[in-house]
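The chain contents come next:
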Amino acid sequence: MSYLVRSTSSNILEAGIHVVRLKSYEEVQHYSDEERVQLMFEFESFGEKSIRLWTSPTLHPKGKLLPMCEAVLNRKLTSHEMIEGLDLEEMIGRKLKIVVRNAMSQSGKEHVKVTEFLPLGNSESEESA
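Anyway, here's the lowdown on the structure attached to this text. Quick caveat, the model's predicted, so the values are computed rather than measured.

## Quick look at the packing of aromatic side chains
Working step 1: Following the criterion strictly, the structure yields 2 aromatic pairs and no others.
Working step 2: Ring plane angle 45 degrees and centroid distance 6.4 Å describe the contact between Phe43 and Phe117, whose orientation is recorded as tilted. Pair noted here: Phe43 is in strand S3 (residues 37-45) and Phe117 is in strand S6 (residues 110-118), with a separation of 74 residues, a long-range link.
Working step 3: When its relative accessible area of 8% is taken as the criterion, Phe117 is described as buried.

## Remarks on helix H1 (residues 65-73)
At 3.6 residues per turn, the α-helix brings residues three or four places apart onto the same side.
Working step 1: Of all 9 residues in H1, 8 are buried; the element is thus mostly enclosed.
Working step 2: Residues of H1 that are buried: Leu65, Leu66, Met68, Cys69, Glu70, Ala71, Val72 and Leu73.
Working step 3: Summarising the contacts, the buried residues of H1 are in contact with S3, strand S4 (50-55), helix H2 (79-84), strand S5 (95-104) and S6.
Working step 4: Where H1 terminates, the next one or two residues include Asn74, which has phi positive at roughly 60 degrees.

## Observations concerning the pairing of S3
Working step 1: Most of S3 is tucked away: 7 of the 9 residues are buried.
Working step 2: Sheet analysis places strand S2 (residues 16-29) next to S3, joined by 9 bridges and oriented antiparallel. Each bridged residue has a counterpart across the sheet, and for Glu26 the counterpart in S3 is Met40.
Working step 3: Taken together, the 6 bridges between S3 and S4 define a ladder with antiparallel strand orientation. Looking across to S4, one finds that Leu39 is bridged to Thr55.
Working step 4: Here S3 hands over to S4 after 4 residues, with Glu48 in that stretch at a positive phi of 70 degrees.

Parameters and conventions
- Residues numbered from 1 in each chain as written.
- Predicted model: local features only at pLDDT ≥ 70, side-chain atom pairs only at ≥ 80, totals over all residues.
- Heavy atoms only, no water.
- Phe/Tyr/Trp six-rings, centres within 6.5 Å; stacked < 30°, edge-to-face > 60°.
- Helix = DSSP H or I, 4+ residues; strand = E, 2+ residues; numbered from the N terminus.
- Buried < 20%, exposed > 50% of the residue type's maximum accessible area, 1.4 Å probe, protein only.
- Contact = heavy atoms within 4.5 Å.
- Pairing = 2+ DSSP bridges.

This is how it looks when you write it as structure tokens:
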């Protein structure tokens, strides 16, 4: 599954694997449905580049939020967390790896996709903390 990322910034991450920090999140109106909300996450690399990700605010197994949270936390979520939810504020500033790929839309426009979220290994977490 790939995750569409939109940005107008020229300071966006290139294709590849990047260690990033979860910089911020905010609740925003869904781009195509005024009745729904989305979460917008901003990740920042250590080279001052960034990338944004839009996702629904649910921890559904087929969604984007669940694999992202598990990568940030470096573990699977508990059944309690899956039911009760998570405090996203506690994840701000934490690091993970993302896999970024270039893609072409059906209309011929280039864009960037985050295709995977990866946890940092324990040694990487300690080194970069």
